[in-house]
Amino acid sequence: MTDQQAPRTLEDTVGAAVLATRGVAFLRPGLAGLLRSSVGLGAARGGAGASGVRVRRHKGSEGLDIQVYVVLNRGHRALDVTRAVRSAVLDALRTEAGDNGSAQIEVTVTGVV
């Protein structure tokens, strides 16, 4: 797996874990996903983590910077859901990449439906 493929695979893994978290309606669609849906090409082809998850490697180290953008279901406390999302991401990283907690995870709520 190349350095460019690794973050994409992790984005898909993280995206699936986030979507399975109670209170998460969906990942925020990225510009490409919005454009595809507007011209009738359907959902983003890049997998579960293609739009609302960004994974970047720290320069000069093995750590990761992970940004997650979610839209919540109404009736769920944002604080509780963001904590659950962070835990789900850490669990997914431990399982998929053997990460021992060196990732910096930022969860941003972009809306409520």
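Let's talk about the overall build of the chain
- Scanning the chain from N- to C-terminus turns up three helices and four strands.
- Of the regular secondary structure in the chain, the N- to C-terminal order runs α-β-α-β-β-α-β.
- Looking at the 113 residues of the chain, the share that counts as buried comes to 35%.
- Pairs at least 24 residues apart make up 70% of the contacts formed inside the chain by residues separated by at least 6 positions.
- Working note: accessible area of the chain is about 6600 Å², and carbon and sulfur atoms make up 50% of it.

Focus: the nonpolar core
- Counting 19 residues, the largest nonpolar core has V14, V18, I66, V68, V89 and L93 as the members making the most contacts within it.
- Beyond its immediate sequence surroundings of up to four residues, I66 is in contact with V14, R54, V55, V89, L93, A103, Q104, I105 and E106.

Quick notes on the packing of aromatic side chains
- In this structure the tally under the stated criterion is zero aromatic pairs.
- The ring of Y69 is capped by R28, whose NZ or CZ atom sits 4.2 Å from the centre of that ring.

Section: the pattern of salt bridges
- Taken as a whole, this structure holds two salt bridges when the rule is applied.
- With a closest N to O distance of 3.7 Å, D80 and R77 form a salt bridge.
- For D80, a relative accessible area of 39% translates into the label partly exposed.
- You can call R77 exposed: its relative accessible area is 53%.
- Between D91 and R94 there is a salt bridge, and its shortest N-O distance comes to 3.1 Å. A residue pair is termed a helical-turn pair when its members lie 3 or 4 positions apart in one helix, as D91 and R94 do in helix α3 (residues 78–97) at three residues.
- Owing to a relative accessible area of 43%, D91 belongs among the partly exposed residues under this scheme.

With respect to the environment of A16
- Along the chain, the position of A16 falls in helix α1 (residues 5–19).
- Classification of A16 by relative accessible area gives partly exposed; the value is 41%.
- When the C-alpha positions of A16 and A88 are compared, they lie 9.5 Å apart, and in sequence the two are 72 residues distant.

Details of the environment of E62
- Position of E62 among the secondary structure elements: in the loop between β2 (53–57) and β3 (64–72).
- E62 sits in the exposed class, given a relative accessible area of 68%.
- Beyond its immediate sequence surroundings of up to four residues, E62 is in contact with R57 and S102.

Conventions adopted
- Going along each chain's sequence as written, the residues are numbered from 1 onward.
- Side-chain atom pairs in this predicted model are given and counted only at pLDDT of 80 or more, local residue features only at pLDDT of at least 70, and totals for whole chains, interfaces and linings cover all residues.
- The side-chain quantities take in all heavy atoms of the structure and omit both hydrogens and water.
- Counting from the N terminus, the helices are the DSSP runs of H or I reaching at least four residues and the strands are the DSSP runs of E reaching at least two.
- Working definition: with a 1.4 Å probe on protein chains only, accessible area under 20% of the residue-type maximum means buried, over 50% means exposed, and in between means partly exposed.
- The contact criterion used is simple: two residues touch if any of their non-hydrogen atoms lie within 4.5 Å.
- Residue burial considers only the protein chains on display, and all accessible areas are found by Shrake-Rupley using a 1.4 Å probe.
- By convention a nonpolar core is built from buried Ala, Val, Leu, Ile, Met, Phe, Trp, Tyr and Cys residues, the set being connected through side-chain atoms within 4.5 Å.
- A pair of Phe, Tyr and Trp rings is counted when the ring centres sit within 6.5 Å of each other, with Trp represented by its six-membered ring. The angle between the planes then sorts it: under 30 degrees is stacked, over 60 is edge-to-face, the rest tilted.
- The rule is short: NZ of Lys or CZ of Arg within 6 Å of the ring centre and within 35 degrees of the ring normal puts a charge over the ring.
- What makes a salt bridge here is a side-chain nitrogen of Lys or Arg within 4 Å of a carboxyl oxygen of Asp or Glu, nothing more.

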